[in-house]
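Summary of the model geometry
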Amino acid sequence: MAEPSDSGVARSRSVVQVNRLNAGEPQYCGNFFLVTFAPEQNRRIARNYFAGETMSDHGVSPMSPVVVTVDGPAAAGKTTTCLALADIFQMEYLESGRSYRILALEVLQRGIATDDHPAIVALCDDLIEESRTSGLLTAGRYTSQDLRSSAVNVAVSAVSGIAELRRRVTELVRIWAGGHTRCVVEGRDIGTVVFPSAPVKFYLTAAPEVRADRRVAQEGASSYEEVLEDVIRRDRADMSRAASPLVPADDAVTIDTTELSLAQVVEHMASVCRSRGVAIP
Ligand SMILES: Nc1ncnc2c1ncn2[C@@H]1O[C@H](COP(=O)(O)OP(=O)(O)OP(=O)(O)O)[C@@H](O)[C@H]1O
Ligand SMILES: Nc1ccn([C@H]2C[C@H](O)[C@@H](COP(=O)(O)O)O2)c(=O)n1
């Protein structure tokens, strides 16, 4: 079983053994502000990217890795199933929501107004620069408790609605994926915007009441009503924003997990992956 950790990827308990899970492994820490720039090539590409060039100027195709995308509303089971798929198919895993949460937390900690878009974009650039020049943005700098606080849950909806910010995060995710041969990436716009040509796309969903129930059980939250309210509010914000709203990709396999066990969902997803040529090495 995956143990809860502050890396933000192992907070769910999976029915599938997640043997390779290790909060110390950068591939699993989900903090691509740190890991994206670790390999020297990525560091160079990223530096040039932010200087105005694009990855394709460097002969790097964002579509070269096999990417499995998993999108869906809050608490739909994305992280848990991604970890299971990563384990089954030995893929690298990235939780893109963590980056938006990190940005939201930094916005709150620095007292920046969530409607001050230029300041938030500048903050994002500063964090990217910081991650290239120092090791400050380690997984340990951000605890799951901080990243998943109610305040961050609210601020992240505003922060993730900023188109300029999304453009940066999108490119960082692509750069990260370009450094791997096989990966599974979860978020809200991964199959629609970040990797529109991905060979395998999932859209997980479930009734809000069921998702709230599962989140209460997962986090030991005291108020079901508050959790449900947050789930519904965040869904609405994610689905109605102008920039990359949450919608299923046309070619996504949609799975309503309301009445499915975790094992059933993972089994279904794994069988789709196999049928699309994602093999176990
Ligand atoms: N089909 C299912 N049956 C029972 N429990 C489930 C199922 N799917 C997910 N869960 C549980 O629901 C909780 C939330 O799942 P998870 O954290 O993976 O959701 P998420 O989509 O990544 O959420 P978020 O977008 O908010 O990060 C976890 O405790 C997970 O084990
Ligand atoms: N690709 C993504 C990933 C996440 N977000 C936003 C919307 C969510 O409410 C928030 C937190 O994500 P979570 O940790 O719940 O997966 O981040 C997004 O807009 N796009």
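Residues numbered from 1 in each chain as written. Chains lettered and ligands numbered in written order. Predicted model: local features only at pLDDT ≥ 70, side-chain atom pairs only at ≥ 80, totals over all residues. Heavy atoms only, no water.

Remarks on the site of ligand 1
The full set close to ligand 1 counts 23 residues, and Lys-78, Thr-79, Thr-80, Arg-215 and Leu-260 are the nearest of them. Arg-188 is positioned such that a nitrogen or oxygen atom in its side chain is 3.5 Å from an oxygen atom of ligand 1. A distance of 3.3 Å separates an oxygen atom of ligand 1 from a polar atom in the side chain of Gln-218. For ligand 1, whose unbound accessible area comes to 640 Å², protein coverage reaches 88%. Mapped onto the shell around ligand 1, the elements with two or more residues apiece are helix H4 (78-89), helix H11 (208-219) and helix H13 (262-275). (Near = heavy atom within 4 Å. Polar contact = N/O pair within 3.5 Å; in protein donor to acceptor, adjacent residues only side chain to side chain. Areas by Shrake-Rupley, 256 points an atom, 1.4 Å probe, with all protein chains shown as cover. Helix = DSSP H or I, 4+ residues; strand = E, 2+ residues; numbered from the N terminus.)

Thoughts on the site of ligand 2
The immediate surroundings of ligand 2 are formed by 15 residues, with Arg-101, Arg-166, Asp-189, Arg-234 and Arg-241 found nearest. At 2.9 Å, a side-chain N or O of Arg-188 approaches an oxygen atom of ligand 2. The contact in question runs from an oxygen atom of ligand 2 to an N or O atom on the side chain of Arg-241, over 2.9 Å. Coverage of ligand 2 by the protein amounts to 98% of the 440 Å² it exposes when considered alone. The element best represented in the shell around ligand 2 is helix H5 (residues 97-109), accounting for 3 residues.

Examining the UniProt feature "binding site: ATP" (unreviewed entry) in the protein
According to UniProt, the positions carrying the feature "binding site: ATP" (unreviewed entry) are Gly-72, Pro-73, Ala-74, Ala-75, Ala-76, Gly-77, Lys-78, Thr-79 and Thr-80. Position of Ala-74 among the secondary structure elements: in the loop between strand S1 (66-71) and H4. With a relative accessible area of 1%, Ala-74 lands in the buried category. Non-local contacts of Ala-74, meaning those with residues more than four positions away in its chain, are made with Arg-188, Arg-211, Val-231, Arg-234 and Asp-235. Relative to the helices and strands, Gly-77 resides in the loop between S1 and H4. (UniProt positions renumbered as here; feature names shortened; annotations may be inferred. Buried < 20%, exposed > 50% of the residue type's maximum accessible area, 1.4 Å probe, protein only. Contact = heavy atoms within 4.5 Å.)

Observations concerning the sheet that holds strand S4 (residues 200-205)
Pairing is parallel across the open sheet formed by 5 strands, whose spatial order is S2-S3-S1-S4-S5. Lying at the two open borders of the sheet, with one neighbouring strand each, are strand S2 (92-95) and strand S5 (253-256). Across the sheet, the mean angle separating the axes of adjacent strands is 20° when strand polarity is ignored. Alignment of S4 against S5, held across 4 bridges, turns out to be parallel. What sits directly across from Leu-204, in S5, is Ile-255. (Pairing = 2+ DSSP bridges. Axes fitted to C-alpha atoms, helices over the stretch in contact; angles between N-to-C directions.)

Quick word on unusual backbone geometry
If you check the backbone angles, Gln-90 has positive phi at about 50° while not being a glycine. By the element assignment, Gln-90 lies in the loop between H4 and S2. The residue Ser-244 is not glycine, and still its phi comes out positive at about 45°. As for its placement among the helices and strands, Ser-244 is situated in the loop between helix H12 (224-240) and S5.

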